[in-house]
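Structural description and commentary
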Amino acid sequence: MVVVIGFEGSANKLGVGIVKDGVVLSNPRHTYITPPGQGFLPKDTAKHHREHALDVLQKALDEANISPEQIDVIAYTKGPGMGAPLVSTAIVARTVAQLWRKPIIAVNHCIGHIEMGRLVTGAVNPTVLYVSGGNTQVIAYSQRRYRIFGETIDIAVGNCLDRFARVLKLSNDPSPGYNIEQLAKKGKKFLELPYVVKGMDVSFSGLLSFIEERAPQLLDKGDYSPEDLCFSLQETVFAMLIEITERAMAHCGSEEVLIVGGVGCNKRLQAMMEVMAKERGAKLYATDERFCIDNGAMIAQAGWEMFCSGQTTPLKETSCTQRFRTDEVEVTWRS
Ligand code: MG
């Protein structure tokens, strides 16, 4: 029996989760929510994490009914992510590792998403679309690495959606993307937007500038409603993502596709992916907001896999890094 506690704080969610041999015992999370029209800055987000770290940690232990003595290893997010929030969370992980005299393990955030997705859905060897506010990648496993087949060459798809939500002054509660999704359901009139797929990669920054520049006028004149613009934006960016995912699946001969990351709980994205998967005779796997949005249990689960395959991180190497690519990690736990 191996019990792992995971600490996640690479963006605006602070999460602590406890996993015991494939069972999530607890997974509380606290989200830093900014006023409409505003994003979250590293310094303020780190302050949020520091303020809530002990409460969320206590909640994780209480809900799991676990005492520190029963924990075998501490896992924390090394990166990628925002520097200050990463560091403030890693300090908590390092501190409890030393207080409780437990080994510690540094986890790649993207791999946390993949391993949580595999655990929750039962997907065995899926092509993965990882979509969030900070990341956009199409990933497949090959020869002890999670290989990146395609990715954004500028901003993440979730960042594109979040920044358009700021233009419309939508609420950031529970997330800007959720509120765009609700408006998009009522959209009817499609505005053609730049569709930018370059080989296996996608680009969203030009598309975002295009709609940011035109939105005020289009809305003023009454040509398009906010609902229409949210609908048009979602349809366009999601179609781009489905296209590169399909190409990766064709290349790999993949029969499973898994969507992870915060944007992964978008029902429209899941529906579009389902159509593509069905046409290829493949199966779609997706999770809900508990597990696709950043959380502590996903770091615990990746830590569990790493620890059980013999890995730990020497304390002096328990640093953080804002850039940490998925394919830098040797996958020692899959055959
Ligand atoms: Mg994430």
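Below, the structure is looked at part by part.

What counts and what doesn't
- Residues numbered from 1 in each chain as written.
- Predicted model: local features only at pLDDT ≥ 70, side-chain atom pairs only at ≥ 80, totals over all residues.
- Heavy atoms only, no water.
- Donors = N, O, S within 2.8 Å, 3.2 Å for Na, K, Ca; no water.
- Helix = DSSP H or I, 4+ residues; strand = E, 2+ residues; numbered from the N terminus.
- Pairing = 2+ DSSP bridges.
- Right-handed = clockwise from strand over helix to strand, strands pointing away.
- Buried < 20%, exposed > 50% of the residue type's maximum accessible area, 1.4 Å probe, protein only.
- Lys, Arg positive; Asp, Glu negative; His and termini not counted.
- Salt bridge = Lys/Arg side-chain N within 4 Å of Asp/Glu carboxyl O.
- Polar contact = N/O pair within 3.5 Å; in protein donor to acceptor, adjacent residues only side chain to side chain.
- Contact = heavy atoms within 4.5 Å.

1. Details of the coordination of the magnesium ion
Between any two of four tetrahedral donors, the ideal angle at the metal is 109.5 degrees; between two of six octahedral donors, it is 90 or 180 degrees. Protein-derived ligands of the magnesium ion are His 109 (NE2), His 113 (NE2), Tyr 130 (OH) and Asp 294 (OD), with the metal-ligand distances lying across 2.2 to 2.8 Å. Counting the intervening residues between successive donors of the magnesium ion yields the motif H-x3-H-x16-Y-x163-D. Here His 113, found in helix 3 (residues 109–121), pairs with Asp 294, found in the loop between helix 9 (289–292) and helix 10 (296–308); they are 181 residues apart in sequence, far enough to count as distant.

2. Comments concerning the pairing of strand 13 (residues 283–286)
As defined by bridge partners, strand 12 (residues 256–260) adjoins strand 13 across 4 bridges and the pair is classed as parallel. In the sheet register, Leu 258 faces strand 13, and the bridge partner there is Tyr 285. Note that the unit made of strand 12, helix 8 (residues 267–279) and strand 13 has a crossover that is right-handed.

3. Some words on the side chain of Glu 256
Relative to the helices and strands, Glu 256 is located in strand 12. Although Glu 256 is buried, it forms no salt bridge, and the closest oppositely charged side chain is Arg 334 at an N-O distance of 7.1 Å. In this structure the side chain of Glu 256 is engaged in a polar contact, spanning 3.2 Å, whose partner is the backbone nitrogen of Val 124. Once residues within four sequence positions are removed from consideration, Glu 256 is found in contact with Ala 123, Val 124, Asn 125, Pro 126, Thr 127, Met 249, Ala 282, Lys 283 and Tyr 285.

4. Digging into the pattern of salt bridges
By the definition in use, this model includes 12 salt bridges. Notably, a salt bridge pairs Glu 330 with Arg 144, separated by 2.9 Å at the nearest N-O pair. Remark: Arg 144 occurs in the loop between strand 8 (136–142) and strand 9 (145–151) and Glu 330 occurs in the segment after helix 10; sequence separation between them is 186 residues. Residue class for Glu 330 comes out partly exposed when judged on its relative accessible area of 37%. Taking the shortest distance from any N to any O, the salt bridge between Arg 268 and Glu 235 comes out at 2.8 Å. Taken together, the residues Arg 268 in helix 8 and Glu 235 in helix 7 (residues 226–252) connect sequence positions 33 residues apart. In this structure Arg 268 comes out as partly exposed when scored by relative accessible area, which is 34%. Since its relative accessible area comes to 16%, Glu 235 is described here as buried.

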